[in-house]
Structures are given as C-alpha cells and as structure tokens.
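# Tertiary structure, described
The lines below spell out each chain.
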Amino acid sequence: MADNPATYVTDGYQGNDIVYSAVRMVEDKVRVAPWALYKVTSDNALKQYKSLLLTGDYEKAAKVQRKALEPLTSFNVRTGRWNQLLDWANEYETFGDFVANGAAYKMVTGNKFWWANLLEGGANQGIPQELYCLPSQYVSIVAKTGWPVKTVGYQLNYGEMLNIPKELVLHEKYFNPSFDYNGSHLYGQSPLQAAVKNLTRNNYAKSATTKKFENGGFEGVLFVNDDRITPDQGQEQAKAVKKILSNEYSGVDNNGKIAVSGYPMGFVPVTQTTKDLMTLEFENLDLQRLANIWGIPSQLLNDPNRNAEANVVEAERQLTSRCVLPQLTATRDNMNRKMQSDWGMKGENIILDFDLSVYRELQEDQSAKWQWVKELTVPEAYKLELMGME
C-alpha cells in the first residue's frame, strides 16, 4: 500500500478491522474522561502531579492533584465561555468526542490539528467560539526554511486550498526523526508507517482468503486413470471432463457439490494446507504486531494465542496507562499552552485538566490494601492517609 497519511486512513482505519478496533478501543476510553477548569494553587505540586502520572503512581498523583489544583466554581465572562466549550466543542461534538476524535487522527496519521474559531470582538475577544478537528491527512505545514525550521502557518486542501494562520491551529504530533531542510520533521510519524508492511500483508491475506471463499480456488489435479486409452485420448477425455466441471460445478453456489464422471478418474490434491495455516498464523501475528505499535495488549483484541494470558483487569490497566493517559496528558499540556498563548487566557492562573478517577482499573485494590494497612502499628490518621481518605 502507498505510504502516506491518506492511505493510512483508507487502507488502515477504514480498510482493516484490526486497526479500526485498536483505534476505537483507545478512542472509547479517551472519551469518558471529564474535563474541567482549575485554578493553580501550587506550581510545585502541579509539577509533582505531572511527574507522578508519568511514573505510574496514580494514587499519589490523584492526591497531589488535589493540592495543586482547585476546581473553578465561579466563572467570569471569559472562563465561562471556556467552560461552555467543555460541554460542546462545536455544534456536532461534545468535548469528549472532540478529544477522542483528535486521538484517533493522531493514532492513524501521527498528527492532530485542532482549529479554533476565535471571537474577534467583545468581552470574549480571542476566546474560541468553537473548536474543530481538521482532517490531518489533508493538512500541510507552511514552514520557514533555514535553522531552525519553524512552522509559520497551515494549509487545508479539501478541494480548494485554505490558508490558516498559525495562531488558530493547535498541532500535536508523534516524534519524527526524519529531519530535512524543508521541515518534514515538523509532521508527526504515523505508527502505521513503521507497520506498513505488516498492514499490507494483513490486507492481502484477507483479500486472498476472501477470494478463496468466493471462487473455491485450485484444489488439486484431476486426471483420467484408464490404461485402455492413449495419452492423446486421455487429454481429450480430460478436456471433456473439465468442460463439464467448469460449467456445472464451479462457483460459490456449488460449494460442496459432488461431481460424477463416466470415466475412471484419479485426483491428486495440491491444496496448500500448510500455506493456508500459515496465512492464519500470519494474520494472528499481524494482530499482535499492529496492536504493539500503540502499546495495546493484543488479548483485548481477541488474540487467540493470548486469551489465557494476563487477566483482563491487568490488560485494561495497561491499555489505560500506556495508550489512553499519554493521549490525555499530551492534549492537556498542548491545550494549556495554546490557551495561555493564543486562545484568550494569557496571564490567567487557570488551566484545563481531566479527571483521572474515572479509570477504576488504575486504582489499587482497596480491600487487599486494607488487609495490610490495618495491621500497621501507626496512628489511625496515617492509615487513613495511606488509604487515600480524609
């Protein structure tokens, strides 16, 4: 398959069930996280909270988050507009859908481009009226060459070329080491680029098995087994038999039908059973390889070779920690940077963050934890603290 973002969408997300299932699995988990505006009460605690998320200490991260951030409960004109966006990003998408769809674009194409329709006047000047995901496969970066290569704008080619100022676009991407003078490294590398051969093989394997089911395929050699006739006569007889079989016994509707011949016949099966089995093995291997490029445990995609491995709870935990949280934290950090620079909240001690507590699989088993906490010879207040309780 062609190696470009548009093909990753058509032959990947739209054309391959493994890619679709993997992306949708992450999308669905990203979507459930609620977002809110917070007032920063401690910069140091905020830094600690972010680092704890990266190290995987989620229980402590949740406690430090409460020290670092205070939920915003009263709103002025400008924060009120942002609070409305956290319900509906635009007239078609809730904010959860908006974030999830952006994650899908990034997983498939390596890039996420968000466009803000900024208000040009009034008390909310510079605040987004609505936010939209741009189709990243059709977005081009306008770059200033030289050193360092910098983004100066964007172009959207959807039948006509639309020039978009840099200030209106939030660009989030995966790392791309393919550096060049023209700014190729400014685009994120799609995970599917690294797996394009696996994806191509998997698509071909599915096409091949589909054709086999449709047409029956070449199963073996049928021959006339009669010593009384010459080879030339045998060829004539074989042609006659072939004609009958081709006309009356071919096609999907004749699958399983038994052919009858008036001649002594022989048959040598040449069905490539080993090859067929290898095709299935390759499909299972491709499932694992494609899941791996995003860090998704393949058993969650019904991998037949790993159904008996780590339990579902642990697999769900890995999915959330390795796939979902990186999407959410990248979105949070990029949104806050953009809000503080171009989207109307410059100088405000306000940030946007998601609620980690909805992901129950990240929380410790409180029952098992209490079994050893209650036996500790420490003050009761400290036991409560260990359990995350006031």
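Our structure's up above, just so we're on the same page.
What follows deals with helix H5 (residues 77–85). The complete set of buried residues in H5 reads Thr 79, Gly 80, Arg 81, Trp 82 and Leu 85. Where H5 begins, the side chain of Asn 76 points an oxygen toward the backbone nitrogen of Arg 78, at a separation of 3.0 Å.

Another aspect to go through is the pairing of strand S6 (residues 150–157). In terms of strand pairing, strand S5 (residues 139–144) meets S6 through 6 bridges, oriented antiparallel. Its bridge partner lying in S6, Ile 141 is registered against Tyr 154. The hairpin turn running from S5 into S6, its antiparallel successor, is 5 residues long, and Gly 146 in that turn takes a positive phi close to 110°. Here S6 pairs with strand S7 (residues 161–165) via 5 bridges, running antiparallel.

This paragraph deals with the packing of aromatic side chains. One pass over the structure, following the stated rule, counts 8 aromatic pairs. Grouping aromatic residues by their ring pairs yields a cluster made of Trp 35, Phe 95, Phe 98, Trp 114 and Phe 354. Sitting over the face of the ring of Tyr 174, Lys 106 holds its NZ or CZ atom 4.8 Å from the ring centroid.

Two numbers describe how helix H3 (residues 43–55) lies on helix H4 (residues 58–68): the axes approach to 8 Å, and their chain directions differ by 160°. It follows from the interaxial angle that H3 and H4 lie roughly antiparallel. Of the two elements, H3 crosses H4, and the hand of that crossing is left-handed. From H3, Ala 45, Leu 46, Gln 48, Tyr 49, Leu 52 and Leu 53 reach across to H4, where they touch Tyr 58, Lys 60, Ala 61, Val 64, Gln 65, Lys 67 and Ala 68. Of the residues belonging to the contact of H3 with H4, the class tally is 9 nonpolar, 2 polar and 2 charged.

This next bit is on the pattern of salt bridges. For the structure on display, the rule yields 16 salt bridges. Where Asp 17 meets Lys 206, a salt bridge forms, and the shortest distance between an N and an O atom there is 3.4 Å. A residue pair is termed long-range when its members are at least 10 positions apart, and Asp 17 in helix H2 (residues 17–31) and Lys 206 in helix H8 (residues 196–215) qualify at 189 residues. Exposure remark for Asp 17: the relative accessible area of 44% places this residue in the partly exposed category. The closest approach of N and O atoms between Asp 342 and Lys 338, which form a salt bridge, is 3.0 Å. The class for Asp 342 is partly exposed, based on a relative accessible area of 28%.

Residues Trp 147 and Pro 148 are joined by a peptide bond in cis, for which omega reads -10°. Unusually for a residue other than glycine, Asn 302 sits at a positive phi of about 65°. With respect to the secondary-structure elements, Asn 302 resides in the loop between helix H10 (273–292) and helix H11 (312–341).

Calculation notes
Residues numbered from 1 in each chain as written. Predicted model: local features only at pLDDT ≥ 70, side-chain atom pairs only at ≥ 80, totals over all residues. Heavy atoms only, no water. Buried < 20%, exposed > 50% of the residue type's maximum accessible area, 1.4 Å probe, protein only. Helix = DSSP H or I, 4+ residues; strand = E, 2+ residues; numbered from the N terminus. Polar contact = N/O pair within 3.5 Å; in protein donor to acceptor, adjacent residues only side chain to side chain. Pairing = 2+ DSSP bridges. Phe/Tyr/Trp six-rings, centres within 6.5 Å; stacked < 30°, edge-to-face > 60°. Lys NZ or Arg CZ within 6 Å of the ring centre and 35° of its normal. Axes fitted to C-alpha atoms, helices over the stretch in contact; angles between N-to-C directions. Parallel < 35°, antiparallel > 145°, perpendicular 65-115°, else oblique. Left-handed = near helix turned anticlockwise from the far one by under 90°. Contact = heavy atoms within 4.5 Å. Nonpolar A, V, L, I, M, F, W, Y, C, P; charged D, E, K, R; others polar. Salt bridge = Lys/Arg side-chain N within 4 Å of Asp/Glu carboxyl O.

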